[in-house]
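# Results of the structural survey
Chain residues, written in single-letter form:
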Amino acid sequence: MRVPLPWLREYCDPDLDVGGIEERLTMTGTKVEAIHRHGVASTEHFVVGRVLEAGPHPDADRLKVCMVDVGEDDPATIVCGAPNVAGGQTVAVARPGAVMPDGTKLKHAKLRGVVSEGMILAENELEIGSGGEGIMVLDGLLPDSGPRRAGAVPRPGTSLADVLPIAMDVVELEITPNRPDCLGVYGVARELHAATGADLAQAPWSEDVGSQGPVAEASVTVECPDLCPRFTARVFENVTIGPSPTWLKARLSAAGMRTINNVVDITNYAMLLTGQPLHAFDLDRVAGARLTVRRAKEGEQVQTLDGQARTLDGEMVVIDDAEGPTSIAGLMGGARSEVEPDTTRVLLEVATWSGPNIHRSSWALGLRSEASGRFEKGLQPEQCMHAQAIATRLMIELCGADVAPGTIDVGWEAPPAQAIRLREGRVRAILGVAVSVQRQAEILRALDFATEPVKDGLEVSVPALRRDDVTREIDLIEEVARIDGLESLPATLPARRGAAGRLTHAQRVRRAAEDAMVGRGLHEIVGWSFTEPALLDRLRLPAEDAMRRVVALENPLSEGQSIMRPTLLGSLLDAARHNVSRNGPDIAIFESGTVYRASHEGPLADEHHALAVLLSGSLAPRSWRVRPGQADFFAAKALLDALLDRFHLDWSVEPTSWPFLHPGRSAAVLSGGETLGFLGELHPLVAGAWDLERTAAFAIDLGKVAALASPLLAFGAFGPFPALRQDLAVTLPVSVAAGEVLERVRATAGETLDDVSVFDVYTGAQVGEGRRSLALALSFRALDRTLTDEDIAPVRERIVAALGEIGGELRG
Amino acid sequence: MIERIEQLRTQAEGEISRADSSEALEELRVRHLGRRAELPQMLREVAGLAVKERAAVGQAANAARQALETMIQARVAQLAGEELEASLRADRVDVTLPGAPPQTIGRLHVLTATRRELEDIFLGLGFTVMEGPEVETVHYNFDALNHSPTHPARARTDTFYVEGPPGGSDLVLRTHTSPMQVRAMEAHPPPLYVVIPGRVYRPDSDATHTPQFHQIEGLAVDEDITLADLKGTLLEFARAVFGDERDVRLRPHFFPFTEPSVEVDVSCFHCDGKGFLRDGARCYLCKGEGWLEVLGAGEVDPNVYSHVPTTERNAPGYDPEKIQGFAWGLGVERIAMLKHGIPDLRLYYENDLRFLEQF
Ligand SMILES: [Zn+2]
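Being a predicted model, the structure only gives us computed values, none of them experimental. (Residues numbered from 1 in each chain as written. Chains lettered and ligands numbered in written order. Predicted model: local features only at pLDDT ≥ 70, side-chain atom pairs only at ≥ 80, totals over all residues. Heavy atoms only, no water.)

### With respect to the overall build of chain A
For clarity, the threshold we go by: Helix and strand assignments come from DSSP, with helices taken as H or I runs of at least 4 residues and strands as E runs of at least 2, each series counted from the N terminus. Here the radius of gyration uses the C-alpha set of atoms, whereas the globule reference equals 2.2 Å times the residue count to the power 0.38. Working definition: with a 1.4 Å probe on protein chains only, accessible area under 20% of the residue-type maximum means buried, over 50% means exposed, and in between means partly exposed.
Each helix and strand counted, chain A has 19 helices and 38 strands in total. A globule of 812 residues ought to have a C-alpha radius of gyration of about 28 Å, yet chain A, at 41 Å, is considerably larger. With respect to the principal axes defined by its C-alpha atoms, chain A has extents near 125 × 80 × 55 Å. Burial status across chain A gives 52% buried among its 812 residues.

### Things to note about the side chain of A:Glu681
All names here are of chain A. Short version of the rule: Under the rule applied, a polar contact is a pair of N or O atoms within 3.5 Å (in protein, one hydrogen donor and one hydrogen acceptor; residues adjacent in sequence only if both atoms are side-chain atoms). We call two residues in contact whenever any of their non-hydrogen atoms come within 4.5 Å of each other.
Inspection of the secondary structure puts Glu 681 in strand β33 (residues 674-682). Judged by relative accessible area, Glu 681 falls into the buried class, the value being 3%. Polar side-chain contacts of Glu 681 include one of 3.1 Å to the side chain of Arg 694. Excluding its chain neighbours within four sequence positions, the residues that come into contact with Glu 681 are Asp 632, Phe 633, Leu 661, His 662, Arg 665, Arg 694, Thr 695 and Ala 696.

### Describing the nonpolar core
Worth spelling out the cut-off: By convention a nonpolar core is built from buried Ala, Val, Leu, Ile, Met, Phe, Trp, Tyr and Cys residues, the set being connected through side-chain atoms within 4.5 Å.
A:Leu431, B:Phe237, B:Trp328 and B:Tyr348 are the most contacted members of the largest nonpolar core, which has 114 residues in total. Broken down by element, the residue count for this core peaks at nine residues, all from helix α8 (residues 227-242) of chain B. In contact with B:Tyr348, other than residues within four places in its own chain, are A:Val526, B:His109, B:Val110, B:Leu111, B:Glu333, B:Ala336, B:Met337, B:Ile342 and B:Phe355. Within the second largest apolar cluster, 89 residues are counted, among which are A:Val171, A:Ala218, A:Phe281 and A:Leu365.

### Re the pairing of strand β29 (residues 587-597) of chain A
All names here are of chain A. We count it as follows: Strand pairing follows a simple DSSP-based rule, namely that at least 2 bridges must link the two strands.
Judged by how many residues are buried, β29 sits mostly within the fold: nine of eleven residues are covered. Judged from the two bridges that link them, strand β26 (residues 523-524) and β29 form a sheet pairing that is parallel. When the bridges of β29 are listed, His 523 appears paired with Ile 589. Summarising the sheet, β29 and strand β30 (residues 606-616) pair through eleven bridges and their orientation is antiparallel.

### Notes on the coordination of the zinc ion
Residues and elements named next belong to chain B. Note the threshold: Keep in mind that water is not among the atoms, so a site may look incomplete; donors are the N, O and S atoms within 2.8 Å of the metal, or 3.2 Å for Na, K and Ca. Square planar and octahedral sites, with four and six donors, are those where opposite donors lie more than 155 degrees apart and all other angles lie between 65 and 115, tetrahedral sites have four donors with every angle between 85 and 135 degrees, and the rest are irregular.
Taken together, Cys 268 (SG), Cys 271 (SG), Cys 283 (SG) and Cys 286 (SG) make up the protein donors of the zinc ion, found 2.2 to 2.3 Å from the metal. Classification of the site at the zinc ion as tetrahedral follows from its four donor atoms and the range of 104 to 114° in their angles at the metal. Here the donor residues of the zinc ion are spaced in sequence according to C-x2-C-x11-C-x2-C. Each member of the pair, Cys 268 as well as Cys 271, is classed as buried.

### Re the environment of A:Glu751
Residues and elements named next belong to chain A. Within the fold, Glu 751 resides in the loop between α18 (738-749) and β36 (753-762). The exposure class of Glu 751 is exposed, given its relative accessible area of 78%. Remark: the alpha-carbon pair of Glu 751 and Leu 619, spanning 132 residues in sequence, is separated by 37 Å.

### Some thoughts on the sheet that holds strand β4 (residues 60-69) of chain A
Within a sheet, adjacent strands bond to each other through the backbone by hydrogen bonds, running parallel or antiparallel. Residues and elements named next belong to chain A. Across the sheet, five strands lie side by side as β5-β4-β3-β6-β9; this open sheet has antiparallel pairing. Edge positions in the sheet fall to β5 (76-80) and β9 (119-120), since each has one partner strand and no second. When β4 meets β5, the two strands line up antiparallel, connected through five bridges. Residue pairing in the sheet places Met 67 in a bridge with Thr 77 of β5.

### Structural notes on the interface of chain B and chain A
For clarity, the cut-off: By buried area we mean the combined loss of accessible area, with a 1.4 Å probe, across both parts when two parts are placed together. Every case where a carboxyl oxygen of Asp or Glu lies within 4 Å of a side-chain nitrogen of Lys or Arg is listed as a salt bridge. Think of it as three bins: nonpolar holds Ala, Val, Leu, Ile, Met, Phe, Trp, Tyr, Cys and Pro, charged holds Asp, Glu, Lys and Arg, and polar takes everything else, Gly as well.
Counting residues at the interface gives 98 residues for chain B and 88 residues for chain A. Between chain B and chain A lies a buried interface of about 7800 Å² when both sides are counted; carbon and sulfur atoms form 56% of it. With a shortest N-O distance of 3.0 Å, B:Glu293 and A:Lys31 are connected by a salt bridge. Remark: the boundary between chain B and chain A carries 52 residue pairs in polar contact (both at pLDDT 80 or more). Looking at the side of chain B that touches chain A, the element that brings in the most residues is α8(B), giving eight residues. The class makeup of the residues in the side of chain B that touches chain A is 43 nonpolar, 24 polar and 31 charged.

### Let's talk about the sheet that holds strand β14 (residues 290-295) of chain A
Residue and element names in this part refer to chain A. The sheet built from five strands is open, its strands ordered β11-β14-β17-β18-β19 with mixed pairing. The sheet is open, and its two edges are formed by β11 (219-222) and β19 (332-333), each paired on a single side. In this sheet, strand β18 (residues 324-328) lies alongside strand β17 (residues 317-321) in antiparallel orientation, the contact comprising four bridges. Its bridge partner being in β18, Asp 321 is matched across the sheet by Gly 324.

### Describing the pattern of salt bridges
Residue and element names in this part refer to chain A. Tallied over the full model, the rule gives 80 salt bridges over all chains. For the salt bridge of Arg 345 with Asp 284, the shortest nitrogen-to-oxygen distance reads 2.8 Å. One end of the pair, Arg 345, is in the loop between β19 and β20 (346-352); the other, Asp 284, is in the loop between β13 (279-282) and β14, with 61 residues separating them in the sequence. Since its relative accessible area comes to 21%, Arg 345 is described here as partly exposed. The salt bridge involving Glu 323 is made with Arg 336; its shortest N-O contact spans 3.5 Å. Taken as a pair, Glu 323 in the loop between β17 and β18 and Arg 336 in the loop between β19 and β20 lie far apart in primary sequence, 13 residues in all. Judged by its relative accessible area of 61%, Glu 323 falls in the exposed class. You can call Arg 336 partly exposed: its relative accessible area is 32%. A cluster of three or more residues bridged by salt bridges with shared partners is formed by Arg 179, Asp 181, Glu 191, Arg 466, Asp 469, Glu 479 and Arg 482.

### Details of the layout of surface pockets
Empty pockets left among the atoms are what a rolling probe the size of a water molecule brings to light. Residues and elements named next belong to chain A. Under the convention used in this document: For cavity detection a 1 Å grid was placed over the protein atoms alone, and a set of points counts as a cavity when a 1.4 Å probe fits there but cannot get out; an open set counts as a pocket when protein lies on both sides within 12 Å along at least five of seven lines, with lining residues being those that have an atom within 4 Å of a point. Grid points are joined across faces, edges and corners, and a volume is the space filled by probe spheres set on the points. Residue ranges for the domains trace back to a domain assignment, done automatically or taken from a database.
Taken as a whole, the second largest pocket holds about 1400 Å³ of empty space. In terms of lining residues, the second largest pocket is bounded by 35 residues, among which Lys 637, Val 653, Ala 738, Gly 739 and Leu 742 are the most central. Among the elements of the structure, α15 (633-645), β31 (651-655), β32 (661-671), α18, β36 and β37 (771-780) are those that each provide at least two residues to the lining of the second largest pocket. Counted by class, the lining of the second largest pocket contains 18 nonpolar, six polar and eleven charged residues. Two domains each donate at least three residues to the lining of the second largest pocket, and these are domain 5 (505-708) and domain 6 (724-810).

Pasting the structure below:
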């Protein structure tokens with residue numbers, strides 16, 4: 001909310017500059033988000049002038065050449081295009097050197113051959129109003145920064161700032177949703193009063209020149225009191241529509257409102273001051289002079305002020321006259337009963353609407369305004385009469401109106417003020433610092449609460465405008481704390497009884513797994529949880545695939561972000577494509593994050609934490625000495641090995657097809673009877689869909705890894721004796737998997753076998769068609785002695801025999 | 001004869017010390033100590049000498065021979081060492097060539113690195129790290145956190161709803177990590193000190209908002225945890241992240257599930273809280289404020305405790321007259337942005353290697 005500072009100071013004027021006011025408001029909960037300078041930055045070169053004569057321009061019909069007394073020895077020649085300029089007027093003049101609100105600096109300018117020594121100003125050029133009336137004529141104006149009538153026509157040469165509000169500091173405030181009472185200038189003034197101790201002027205609505213009682217000229221029926229707790233209306237007659245005075249226009253403009261005419265401006269002014277929106281009807285255009293507030297019919301169409309036809313639903317509220325809907329309650333008036341230049345009778349509606357209902361309707365209809373923004377926060381019914389009182393006085397003063405006796409007031413009775421006990425000890429217990437009972441009472445009274453001392457603290461009664469926000473002792477403690485307490489709060493640490501910070505096993509496994517990949521040169525990415533349904537097609541997932549059981553959003557930002565990712569592969573592929581196109585073809589990345597599936601079991605989704613790796617291109621930068629390897633199945637498997645061996649997991653792979661993987665180069669990763677994930681090269685069609693060449697990947701469920709990884713690693717004994725190493729070359733049918741060979745060796749060798757691995761694979765004419773040679777590195781070890789070839793000879797024989805059973809032959 | 005021995009010895013010593021190669025030394029060895037050389041000859045002839053002379057001559061010749069042999073050996077070793085050094089000096093590589101094979105350097109994403117740094121700070125302060133579901137129920141995300149049934153945050157413009165059975169879903173993508181407050185209290189009795197890192201979602205997308213982002217929730221509930229304790233805890237956090245000179249201030253604010261609620265500012269580390277730099281220019285980071293807003297926090301609203309049923313798991317439960325505590329929610333992106341000067345949130349999720357390599 002934008003609050004012009006002079007307006008605020010009218011009610012509370014602490015001895016502080018704008019920076020001081022900003023600091024006090026911000027530190028007590030009304031955050032100043034910005035300070036704007038409305039109007040001109042410097043008032044220099046802006047003066048009062050008197051037009052001595054306004055003659056025709058020799059070369060332009062629409063321009064006049066004016067001789068203007070600006071308080072100097074010689075009058076200034078000023079070319080002016082406004083039709084209303086005339087000799088004898090007192091006007092506002094910008095002299096060369098003046099900097100206009102938009103930042104342009106005025107110079108001597110030649111206009112159609114005549115040098116102009118300045119500019120006669122219209123309101124909009126000073127950001128005071130809309131400027132529809134041509135140049136400002138200061139004769140008989142109210143040269144004042146406030147709504148007070150004042151005297152004589154100013155003398156030429158007088159600084160313009162002395163007679164017109166051409167420069168104003170405006171504070172832009174963040175009003176938290178619990179404080180609709182601060183959506184008006186006076187509410188903010190009360191905060192400033194509490195925050196600074198400076199005097200607060202009496203509420204500007206405390207004197208109401210209108211009267212209560214029935215109104216003869218119009219009637220109102222409310223059919224839905226749940227959505228309209230209070231509806232008030234007053235009738236004004238002999239209204240003269242015209243422009244508002246300068247002070248009013250200046251304040252509205254500074255507050256960010258457009259100026260329209262005196263009646264509309266008064267409603268906006270009263271709203272900005274009280275926080276309560278108002279609406280003016282032309283009473284002569286209200287058919288039957290009666291209004292009915294009702295729920296709209298489903299699908300009902302209403303023509304709004306902006307000329308659009310709006311379709312309503314049954315939860316929206318319309319106001320009817322005898323001929324049907326005239327406006328959508330709280331959101332927008334209808335064109336039919338709008339105030340026009342010829343309006344003479346005004347019905348001023350000030351009503352309370354259900355905040356949530358207005359919020360819903362304004363979003364549904366896309367109708368948002370200063371008024372709807374206030375209604376939706378939930379205003380108190382008392383505020384209706386605040387606004388009526390302000391508006392009534394101004395209608396009389398500025399529009400020459402007569403207020404008809406009485407006030408239509410439908411449907412509300414003030415509840416008794418709520419009383420809350422505030423225990424002194426409780427304040428200290430919550431804050432950790434004591435605030436004296438006297439100070440507590442002082443703060444609360446400054447905030448319009450009534451307080452009564454009692455044995456253990458205060459009995460506090462809540463003002464009407466705060467009744468929704470302050471309902472409990474803790475709410476009062478907050479009131480005390482924000483005004484006095486927070487700033488002097490000591491910094492202490494909690495007792496932390498029984499608290500010992502630690503990570504869970506699963507969290508430690510996750511960190512270690514990520515670190516293992518980082519340690520091997522991979523970059524971690526963080527992808528979007530959202531993805532597009534088309535991803536599932538690009539991954540070639542068949543209709544019945546489990547990964548298609550996605551979590552879908554009802555209200556996504558876009559189709560591209562409409563489901564939650566069932567795999568990390570999509571994020572990795574997206575990141576890979578991005579980087580290949582910008583940074584070259586070599587990719588080694590991983591992601592550690594959540595994946596989602598719709599769950600048939602629990603109430604929530606099935607979420608698990610996965611880690612996935614994606615490799616493409618060279619595994620290392622080109623080197624002057626070695627040729628780096630290329631990303632393929634085995635490069636990915638080596639990384640998977642590095643990861644799982646980090647946790648001493650007993651794991652294996654099994655050839656398995658996945659729709660998005662190369663059918664000959666893909667495997668399931670198994671451990672502890674569970675499938676941890678997949679490993680493989682991407683199907684070329686899938687890689688191609690992301691403009692990638694040969695690409696390998698794996699993805700595993702880190703939750704399963706954590707469950708299988710032992711949190712406790714037990715020591716295994718080893719002796720002082722060296723290992724006996726032997727190689728064994730064996731040819732086998734290619735159909736025999738290396739894994740099976742190793743399995744057999746381990747199974748037959750017995751406990752002296754320390755390790756066995758494949759260190760060479762050879763196929764070719766020498767080993768025969770359909771066969772291949774595997775070279776195995778064996779190492780044997782005993783705890784109690786150094787093994788000899790003689791010790792191992794029988795073991796070796798058993799191994800050879802066992803391999804013979806699967807077609808193995810020892811190579812020479 | 002003894003004089004002759006001394007003469008031979010002196011002559012040989014001179015020649016050995018002047019020799020400059022192992023070949024020359026070998027030649028000297030043959031000349032002075034070889035079978036036909038004079039000194040060994042004299043040794044062989046000792047037996048024919050008079051008994052009186054025998055001992056003295058034999059001793060002198062032997063000593064001369066041993067001395068020369070030792071000297072040659074030493075000189076051989078010295079020359080070999082020099083030759084090795086010379087050959088090593090000739091075997092030169094260009095040390096400025098890059099190491100090979102190249103070792104690639106991987107890095108954690110700055111969001112992960114930042115999250116871990118923050119987790120570690122709070123671990124050090126005695127908080128345990130918990131996690132929770134991202135697809136969350138309306139109950140935990142809003143109801144249990146004291147949001148009125150008509151609270152605007154529930155609107156479809158502010159919250160992602162998950163497609164559910166016809167008639168409406170009560171699942172949302174959590175809009176904050178706060179739903180874990182109640183889940184944590186349901187699972188554990190007080191005292192409770194936890195931080196909850198995690199991904200959260202809101203339907204906003206521009207330079208300062210991404211529809212997903214990361215928070216770290218903090219929750220401490222015990223018999224007597226005050227707002228001053230919150231300040232102290234966050235002061236420790238601010239100093240650990242932004243430097244030992246930092247200060248924090250609490251500004252009143254509003255959140256439905258804390259009361260009193262505050263926003264927490266840290267004194268700007270770029271301008272040292274002054275708002276302007278040494279050259280007098282306004283500090284761009286804090287925009288002249290001297291303070292940087294880092295998070296929202298407050299004392300847990302008593303209404304939140306009333307949403308925590310007492311069960312076997314968390315007995316004796318959470319009675320708002322007996323326990324109290326604080327909670328905060330901070331944005332990991334925001335902390336990393338401030339700390340590293342990252343200008344646009346979208347950089348985090350673009351995953352450009354030129355970005356990833358920097359942290
Ligand atoms: Zn700064």
